[in-house]
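# Structural overview
These are the residues of each chain, in order.
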Amino acid sequence: MGILAGQYFDARCRPQSGCADDPDATQKSVRSLGIWVWLAVFTAITSPVDADTYRIATFAAPLSRDGPGLLLRDIKRDEDPQIDATRSIIAAISPDIIVLTDFDYDLDGVALAAFAASFDPHYPHHFALQPNAGLATGLDLDGNGRLGDARDAHGYGRFAGDGGMAVLSRYPIDPSQVTDLSRLLWKDLPGATLPQTADGPFPSAAAQQVLRLSSTGHWIVPVILPDGPPLALLAFSATPPVFDGPEDMNGLRNRDELRMWEVVLDGGFGPPPGSFVIAGNANLDPDDGQGLSDAMARFLQNPKLQDPLPSQDTADWPEDGPGNLRVSYVLPSVDWTVTDAGVVWPAPDDPMRALVGDDGLAAGPHHLVWVDISR
């Protein structure tokens with residue numbers, strides 16, 4: 001069940017170098033919508049879900065605004081069409097747990113609480129940490145001679161908390177047991193490949209001594225389930241592997257942000273998680289588009305996880321640019337039984353089309369990805 005269809009340009013640009021459409025971005029062929037017909041959305045909405053079945057989702061919906069406090073303003077006004085569309089899509093699919101990968105962070109979580117309460121039934125449990133996006137490094141990372149620009153932060157951000165992550169859950173979250181790997185320096189990741197030019201480390205040796213790997217965050221969030229051990233939710237949102245130069249800074253960083261989970265699953269940061277689900281925006285397609293796609297293809301073959309939606313696009317960008325790509329993922333560990341999965345991408349003649357608008361972009365170019373799992 002679910003809905004599909006298929007295009008790569010982040011709705012909000014979060015690179016370290018450059019921030020314009022990349023004219024050389026590899027285009028992806030349009031995949032036939034016909035192969036997705038079997039993912040009928042009405043099954044997703046009307047099928048009963050057993051008590052021991054859990055729906056996990058991720059959505060890179062555009063819930064970021066131009067300055068701090070503006071997202072809360074727009075949520076409270078209840079007049080923003082993007083927020084309305086995002087809320088409607090989430091409500092229709094009704095995930096038990098969802099990772100939002102473009103949600104502005106505020107210290108007291110007021111915007112997140114307001115958004116969680118806007119659902120009926122509401123999401124009683126929610127979680128967020130300050131992201132690296134917009135967190136100042138004190139260095140001139142983009143080389144323009146100024147400090148404090150969006151590209152001078154640990155992750156692209158116009159203000160602290162710009163485009164962070166958030167988790168909504170119908171089940172309790174244990175914040176005391178959360179593992180936050182977001183402060184790990186890029187240079188300290190085992191096997192890291194840092195950018196180099198003929199002049200040496202890029203953007204500078206000083207920058208590589210302080211730059212964190214996570215452009216947004218890497219969290220391991222325990223969710224308490226009623227029928228067994230907690231689910232370890234591995235949430236992340238990686239930088240787009242574009243908007244850089246020949247040093248391939250963003251491409252290398254994007255790959256290492258994915259590799260962070262390989263290290264975690266191999267026990268490189270302590271005991272590996274047991275029953276887990278990796279959810280978020282990897283900003284990397286295993287077959288097409290820019291970026292080091294081989295890393296994604298290899299990751300999806302990891303024997304510790306399963307891929308319920310192989311080869312299914314999750315983002316819809318113009319065909320004269322990157323095209324349709326698969327960038328968002330929900331990947332359960334092998335001990336879970338996958339009972340269903342889908343991507344919310346209704347065909348033009350589907351009654352559900354109203355949720356995403358006539359152009360399919362009412363909630364931005366990314367589409368919600370969901371997977372049903374049971375023990």
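Everything in this summary refers to the structure shown in the same document. (Residues numbered from 1 in each chain as written. Predicted model: local features only at pLDDT ≥ 70, side-chain atom pairs only at ≥ 80, totals over all residues. Heavy atoms only, no water.)

### So, the sheet that holds strand β4 (residues 164-169)
Let me state the cut-off plainly: Here the rule is simple: two strands pair whenever DSSP picks up at least two bridges between them. Helix and strand definitions follow DSSP, with helices as H or I runs of at least four residues and strands as E runs of at least two, each counted in order from the N terminus. Note on definitions: angles span 0 to 180 degrees between N-to-C directions of axes, and those axes are lines fitted to C-alpha atoms, for helices only across the stretch in contact. The contact criterion used throughout is that any non-hydrogen atoms of two residues lie within 4.5 Å.
In space, the 6 strands of this open sheet follow the order β3-β4-β2-β1-β15-β14, with mixed pairing throughout. The sheet terminates laterally at β3 (125-127) and β14 (337-343), the two strands that pair on one side only. Neighbour to neighbour, the strand axes of the sheet diverge by 15° on average, direction disregarded. Sitting on the sheet, helix α3 (residues 81-93) is in contact with β1 (53-59), β2 (97-103) and β15 (369-374), with an inclination near 160° to β1. Seen against the sheet, helix α4 (residues 110-117) touches β2, β3 and β4 and runs at an angle of roughly 40° to β4.

### Description of the pairing of strand β8 (residues 217-223)
Stated precisely, the cut-off is as follows: Each residue gets one of three labels from its accessible area relative to the maximum for its type: buried under 20%, exposed over 50%, partly exposed in between, using a 1.4 Å probe on protein chains only.
Across the 7 residues that make up β8, a large majority, 7, are buried. By the alternation rule, side chains of β8 split into G217, W219, V221 and V223 and H218, I220 and P222, which are all buried. In this structure, strand β5 (residues 179-180) lies alongside β8, joined through 2 bridges in antiparallel fashion. Bridge pairing links D180 to W219 in β8.

### A closer look at the environment of G342
As for its placement among the helices and strands, G342 is situated in strand β14. C-alpha of G342 to C-alpha of Q312: the two residues are 30 residues apart in sequence and 8.8 Å apart in space.

### Description of the packing of aromatic side chains
Our working rule: Stacked, tilted and edge-to-face are the three classes applied to pairs of Phe, Tyr and Trp rings, where Trp contributes its six-membered ring and a pair requires centres within 6.5 Å; stacked means planes under 30 degrees apart, edge-to-face means over 60, and tilted covers the rest.
Taken as a whole and assessed by the stated rule, the structure comprises 7 aromatic pairs. Centroid distance F115 to F119: 5.2 Å. Interplanar angle 90°. Geometry classified as edge-to-face. Of the two residues, F115 and F119, neither departs from the other in class, the shared state being buried. Here the aromatic rings of F119 and Y123 are separated by 5.4 Å at their centres, their planes lie at 85°, and the arrangement is edge-to-face. Accessibility expressed as a relative area gives 6% for F119, which makes it buried.

### A short note on unusual backbone geometry
A cis amide bond links D120 to the next residue, P121, at an omega of 0°. Its location among the elements puts P121 in the loop between α4 and β3. Omega for the bond connecting F202 with P203 falls within 30 degrees of zero, at 0°, which places this linkage in the cis form. Of note in the backbone geometry, D78 takes a positive phi value of approximately 55° without being a glycine. Along the chain, the position of D78 falls in the loop between α2 (70-77) and α3. At F243, a position not held by glycine, the phi torsion is positive, near 65°.

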